[in-house]
Every structure is written in C-alpha cells, then in structure tokens.
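One letter stands for each residue in the lines below.
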Amino acid sequence: GKVHATTKVWVGGLGDWCSTEMLEREFDRFGAMGKIEYEKGDTEAKIQYESIDAATAAVNEMRGFPLGGSEKRIKMDFADVPNMEPTKGYQGSDFDPNIARGRGGRGLHRGGGERGRG
C-alpha cells in the first residue's frame, strides 16, 4: 500500500452487506470526517478525514476489523490525495529531471542499473 499517510483512507474487502451508514458509524469515532466514497455493492470505499491523525488512527485501528462479521474482515490503507502536496508534474516514475540534474547524473537512467527491476 501507500507508504506515506494521507487524510484519505481506503477500505477494502467490502460487499453487498456494507452501507455508507455502517462505514460512517464505525469510522467517525477517529475524528472529523468528510466525504465517504462508497456505492452499494462495491468491494472498496474511500473515506476522507480532516486530519492525518484521524486517518492514521482509522487505518491502524480498523485493519482486519470484522465489519461484516467474523468472516468479513476489512482491509485498510491510505488513499492518494491528489492535491495534498505540490507534485511538480511527478507521475509516479522514479525519474525526476531536477534531481538528476542536481546530481550531475547524466546518463544515469541509461544502460546499467536496470537489471532486477520488475
């Protein structure tokens, strides 16, 4: 999952038994909540919190929680929040021209060093 905490959490392992009301009831104890993104019957939901502390608590506390009964434990992770920090056009690849230039790293991403990836 995501390494860095965000104010939005991802909830997986849901099903027809789940409802927005159920999510709201279980998740609002961690802090002030914003929007719950969930459509009935979906297997996952996203819940927006107003603080990273609340989101972190929710992820930690609710991971493996038997929301739909003992056989239906949910998965927790952080969801991406697109506008949380300036991304400078960063698209998820590990190549950032600014960093490469700063290291004098010409030709860094060519030839060697590609072995053993993916």
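Residues numbered from 1 in each chain as written. Predicted model: local features only at pLDDT ≥ 70, side-chain atom pairs only at ≥ 80, totals over all residues. Heavy atoms only, no water.

Engineer: Is there a simple way to think about the packing of aromatic side chains in this case?
Structural biologist: The way to describe two aromatic rings as a pair is by their centre distance and the angle between their planes. A complete count under the given rule lists one aromatic pair for this structure. Geometrically, the ring pair formed by Phe27 and Phe30 is tilted, given 6.4 Å between the ring centres and 55° between the ring planes. Of the two residues, Phe27 and Phe30, neither departs from the other in class, the shared state being buried. (Phe/Tyr/Trp six-rings, centres within 6.5 Å; stacked < 30°, edge-to-face > 60°. Buried < 20%, exposed > 50% of the residue type's maximum accessible area, 1.4 Å probe, protein only.)

Engineer: I tried to follow the nonpolar core on my own but got confused; where do I start?
Structural biologist: Grouped burial of nonpolar side chains is what soluble globular proteins tend to show. Counting 23 residues, the largest nonpolar core has Val9, Val11, Leu14, Leu23, Phe27, Ile47 and Tyr49 as the members making the most contacts within it. Of the residues forming this core, the biggest block, five residues, is contributed by helix α2 (residues 52–62). When near neighbours in sequence (up to four residues on either side) are disregarded, Leu14 contacts Leu23, Tyr38, Asp42, Thr43, Glu44, Ala45, Leu67 and Ile74. (Core = buried A, V, L, I, M, F, W, Y, C linked by side-chain atoms within 4.5 Å. Helix = DSSP H or I, 4+ residues; strand = E, 2+ residues; numbered from the N terminus. Contact = heavy atoms within 4.5 Å.)

Engineer: Can you walk me through the pattern of salt bridges in this structure?
Structural biologist: It is possible for side chains of opposite charge to pair when their charged atoms get near one another. Inspection of the entire model under this criterion finds two salt bridges. Where Lys8 meets Glu37, a salt bridge forms, and the shortest distance between an N and an O atom there is 2.8 Å. With Lys8 in strand β1 (residues 8–12) and Glu37 in strand β2 (residues 33–37), the pair connects residues that are 29 residues apart, well separated along the chain. When its relative accessible area of 12% is taken as the criterion, Lys8 is described as buried. Glu37 sits in the partly exposed class, given a relative accessible area of 30%. The partner of Glu26 in a salt bridge is Arg29, and the shortest N-O contact between them spans 2.5 Å. Glu26 sits in the buried class, given a relative accessible area of 17%. (Salt bridge = Lys/Arg side-chain N within 4 Å of Asp/Glu carboxyl O.)

Engineer: Would you take a moment to explain the side chain of Thr7 for this structure?
Structural biologist: For Thr7, the location among the structural elements is in the segment before β1. Engagement of the side chain of Thr7 in a polar contact is seen with the side chain of Gln48, the distance being 2.9 Å. (Polar contact = N/O pair within 3.5 Å; in protein donor to acceptor, adjacent residues only side chain to side chain.)

Engineer: Explanation requested: the environment of Glu37 in the structure shown.
Structural biologist: Between the alpha carbons of Glu37 and Gln48 there is a distance of 8.2 Å; along the sequence they are eleven residues apart. Residue contacts for Glu37: discarding those within four places in its chain leaves Lys8, Glu44, Ala45 and Lys46. A polar atom in the side chain of Glu37 sits 2.8 Å from the side chain of Lys8.

Engineer: Before we go on, may I ask you to explain the sheet that holds β2 in this structure?
Structural biologist: Backbone hydrogen bonds are what pair the strands of a sheet, in a parallel or an antiparallel way. Pairing is antiparallel in the open sheet, where four strands are placed in the order β2-β3-β1-β4. Looking along the sheet, the strands with just one partner apiece sit at the ends: β2 and β4 (75–78). Between one strand axis and the next, the sheet turns through 20° on average, direction left out of account. Taken strand by strand, helix α1 (residues 20–27) contacts β1, β2, β3 (44–49) and β4, and its axis lies near 145° from that of β2. α2 rests against β1, β3 and β4 of the sheet, and its axis sits at about 155° to β4. (Pairing = 2+ DSSP bridges. Axes fitted to C-alpha atoms, helices over the stretch in contact; angles between N-to-C directions.)

Engineer: Help me understand α1 in this model?
Structural biologist: A turn of α-helix holds 3.6 residues, and therefore any two residues three or four places apart point the same way. By the burial criterion, the buried members of α1 are Met22, Leu23, Glu26 and Phe27. Mapping the buried residues of α1 onto a view down its axis gives an arc of 110°, with all of them on the same face. Pointing more than 90 degrees away from the buried face of α1 are the exposed residues Glu21 and Arg25. (Arc of directions from axis to C-beta.)

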